[in-house]
Amino acid sequence: MNFFMRQTARNIVRHRKKSILHILIGVMTVLILDVYAGNMDSTKRQLADLPNVLEVTGRISTLNGSQREGMTIREDRVMGVRESAYVKDPVFTVRLKFGFGAFTVEEYKENLNHYGLGMNAPEGVSGMKREEITWLDGVDESILETAEKVCILDADLLEKKGLHLGDEVMLTIFYYRYAIEGSEVFIEPLITDTCKVVGSMQIGEYKGNWVPPEVILPLDYMREAYHSQGIAFYADSGSFTVKDPFQLNALKAQMHDEVKFLSVITRAKHRTDGNALTIMDEAFIRSAQTLSRNLALLRGMLPFLAAIVIFIGYLCSYLSLQSRREEYALLRSLGTGRRRSFFLLFGETALVEAFACILGSLLAAVFLRPAAGVLALSGAAFFLAFLAGAAMAILLLHRLSVMELLTKRD
């Protein structure tokens, strides 16, 4: 083994010009492979991260798509969206009108003068930021996902009424009923109940089309209130974010087949029934298709790149060995077997290309800065493919007649 290593090192030094040329060719090849592997890795990561960059959202509307608020979204559709495994962050609202204290329907003119919303997430108020809600200690926005008798009041209204966080307040709540056809809206009594004030809100930039809400109540509490009065529950707006946009087809199939949503038909007659669903996925699909095509193209180039590196290894070794055929013949005539002579020449190439691989990877790390895994993968691919070509060239040398080479030399 020591003889093998010494002889290999001696041959590299003796043929240093060819060794340097091999190193330069190897470094250039490694850098090209690093660029290729880096592009492939970057494309893979972009495709994997696409759902975080481009969110896909769904929005419920009327069948003709003209209305996204003030609708009647059936309870089974609301629950179908909320319970879907393909959906995250569903937001549903129901419009309310309320007054403080208990009063009869006949007394509504003097008392029913505030507007509110039932909802399951702060995003139900368009333009309101979560930090614009001040919560009672130990309470956060997750309470809106419960059916607890709690409320969030507008900060100015809270001060006007002399209330504080933690106080209990009696509210008489009316709900909105929309005519299925036409534009009639009815405000009808729902419930009188006592709720605990767990938050105050101060909306900085309201972006909704309706009156800014002065109270927020949990959606499920409102559902139970409807049920307790024998009234069918309807949400008036709904939206959500797709959990995994790569499962869009499964989501659309579920929403169509199980939840019974329809696609928007712009020429449909106007009705307030919220039975159409629009998935805003155009940008995501377009970007995903582009990245997938790029990735497929890069993967399709892989066999050709492997073949090119193998050919480079073969050509470099073949041209280098042409001037060393006599040296090989002398080596064989001194009793060195084919196997030993093969590994002597192969080891020489392996050492040179290992140095080229390390040098090329270091340069790539400094100037290209790919991931460590990319460097390792491209370096290993180069080393194996180049040596495969070199092995072919050395094996071809074995086919030559030793006696013929020695005779020609004489």
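Residues numbered from 1 in each chain as written. Predicted model: local features only at pLDDT ≥ 70, side-chain atom pairs only at ≥ 80, totals over all residues. Heavy atoms only, no water.

Asker: Can you walk me through the overall build of the protein in this structure?
Answerer: In terms of helices and strands, the protein carries twelve helices and twelve strands. Relative to its full complement of 410 residues, the protein shows a buried share of 46%. Across the protein, every contact between residues at least 6 apart in sequence was considered, and the portion connecting residues at least 24 apart equals 80%. (Helix = DSSP H or I, 4+ residues; strand = E, 2+ residues; numbered from the N terminus. Buried < 20%, exposed > 50% of the residue type's maximum accessible area, 1.4 Å probe, protein only. Contact = heavy atoms within 4.5 Å.)

Asker: Is there a simple way to explain the packing of aromatic side chains in this structure?
Answerer: Pairs of aromatic rings are described using the distance from one ring centre to the other and the angle between the two planes. On inspection of all chains with the given rule, the structure shows nine aromatic pairs. Between the aromatic rings of Tyr226 and Phe233, the centroid separation amounts to 5.1 Å while the plane-to-plane angle is 85 degrees, which identifies the pairing as edge-to-face. Judged by its relative accessible area of 2%, Phe233 is buried. Pairing Phe246 with Phe284 gives two aromatic rings, centres 5.4 Å apart and planes at 65 degrees, and the pair type is edge-to-face. Of this pair, Phe246 sits in the loop between strand E11 (237-242) and helix H7 (248-257) while Phe284 sits in helix H8 (residues 282-322), and the two are 38 residues apart along the sequence. Taking relative accessible area as the criterion, Phe284 reaches 4% and is therefore assigned buried. Its guanidinium or amino end placed over the ring of Phe261, Arg77 lies 5.7 Å from that ring's centre, counting from NZ or CZ. Over the ring of Phe186 we find Arg177, and its NZ or CZ is 4.3 Å from the ring centre. (Phe/Tyr/Trp six-rings, centres within 6.5 Å; stacked < 30°, edge-to-face > 60°. Lys NZ or Arg CZ within 6 Å of the ring centre and 35° of its normal.)

Asker: Where do I start with helix H2 (residues 16-53) in this structure?
Answerer: Each α-helix winds once per 3.6 residues, and so residues spaced three or four apart point in a common direction. A rise of 1.5 Å per residue sets the reference length of H2, with its 38 residues, at 56 Å; its end C-alpha atoms lie 52 Å apart and thus fit the reference within 8%. Along its length, H2 reaches its greatest deviation from straightness, about 35 degrees, at Leu47, and the proline Pro51 lies no more than four positions downstream. (Expected span 1.5 Å × (residues − 1). Bend = angle between axes of the 7 residues up to and from the residue.)

Asker: What exactly am I supposed to notice about the nonpolar core here?
Answerer: Soluble, globular proteins show a tendency: their nonpolar side chains are buried together. Ranked by internal contacts, the top residues of the largest apolar core, which has 63 residues, are Leu153, Ile173, Leu190, Leu217 and Met222. With eight residues, the top contributor of residues to this core is H8. Judged by nonpolar contacts, the second largest core, of 17 residues, contains Val125, Trp135, Ile143 and Ile152. (Core = buried A, V, L, I, M, F, W, Y, C linked by side-chain atoms within 4.5 Å.)

Asker: Looking at this structure, how should I read the side chain of Asp220?
Answerer: Note on placement: Asp220 falls in helix H6 (residues 219-228). Its relative accessible area of 12% is what places Asp220 among the buried residues. Every residue in contact with Asp220, bar those within four places of it in the chain, is listed here: Arg82, Glu145, Thr146 and Ala147.

Asker: Explain the environment of Ser263 to me, please; I cannot follow it from the model alone.
Answerer: Relative to the helices and strands, Ser263 is located in the loop between H7 and strand E12 (276-280). A sequence separation of 13 residues divides Ser263 from Ala276, and the C-alpha atoms of the two residues are 5.4 Å apart. With residues near it in sequence (within four places) discarded, Ser263 still touches Leu63, Ala276 and Leu277.

Asker: What's the story with the pairing of strand E8 (residues 185-201) in this structure? I'm lost.
Answerer: Each regular strand shows side chains that alternate between the opposite faces of the sheet. Note: strand E5 (residues 133-135) against E8, three bridges, orientation antiparallel. Bridging across to E8, Trp135 finds its partner in Gly199. Pairing analysis gives five bridges linking strand E6 (residues 150-154) to E8, with the strands arranged parallel. Paired with Asp154 across the bridge in E8 is Met201. One ladder, built from eleven bridges, connects strand E7 (residues 168-178) with E8; its direction is antiparallel. For Tyr176, the partnering residue across the bridge sits in E8 and is Ile187. Hairpin connection from E7 to E8: six residues lie between these consecutive antiparallel strands, with Gly182 at a positive phi of about 90 degrees. (Pairing = 2+ DSSP bridges.)

Asker: Help me understand the packing of H2 against H8 in this model?
Answerer: If you want to describe how two helices pack, look at the angle between their axes and the distance between the axes. Taken N-terminus to C-terminus, the directions of H2 and H8 make an angle of 165 degrees; their axes are 9 Å apart at the nearest point. One finds that H2 runs roughly antiparallel with respect to H8. As for how H2 packs across H8, the hand of that crossing is left-handed. Its residues assigned to classes, the contact of H2 with H8 comprises 18 nonpolar, ten polar and three charged. (Axes fitted to C-alpha atoms, helices over the stretch in contact; angles between N-to-C directions. Parallel < 35°, antiparallel > 145°, perpendicular 65-115°, else oblique. Left-handed = near helix turned anticlockwise from the far one by under 90°. Nonpolar A, V, L, I, M, F, W, Y, C, P; charged D, E, K, R; others polar.)

Asker: Whenever I open this one, a nonpolar patch on the surface confuses me. Can you help?
Answerer: Taken together, the side chains of Val35, Phe355, Leu359, Leu363, Val366, Phe367 and Leu368 present a nonpolar region at the surface, about 640 Å² in accessible area. As for its position among the elements, Leu363 is in helix H10 (residues 338-367). Overall, the relative accessible area of 31% leaves Leu363 in the partly exposed class. (Patch = residues over 30% accessible without salt bridge, like charges linked within 9 Å, V, L, I, M, F, W, Y side chains within 5 Å. Areas by Shrake-Rupley, 256 points an atom, 1.4 Å probe, with all protein chains shown as cover. Salt bridge = Lys/Arg side-chain N within 4 Å of Asp/Glu carboxyl O.)

Asker: Can you help me understand the state of the cysteines in this one?
Answerer: A covalent bond bridging the sulfur atoms of two cysteines is what the word disulfide describes. Under the definition given, this model contains zero disulfides. Between Cys195, a free cysteine, and Cys151, which holds the nearest cysteine sulfur, the sulfur-to-sulfur gap is 5.3 Å. Classification of Cys195 as buried rests on a relative accessible area of 1%. (Disulfide = S-S within 2.5 Å.)

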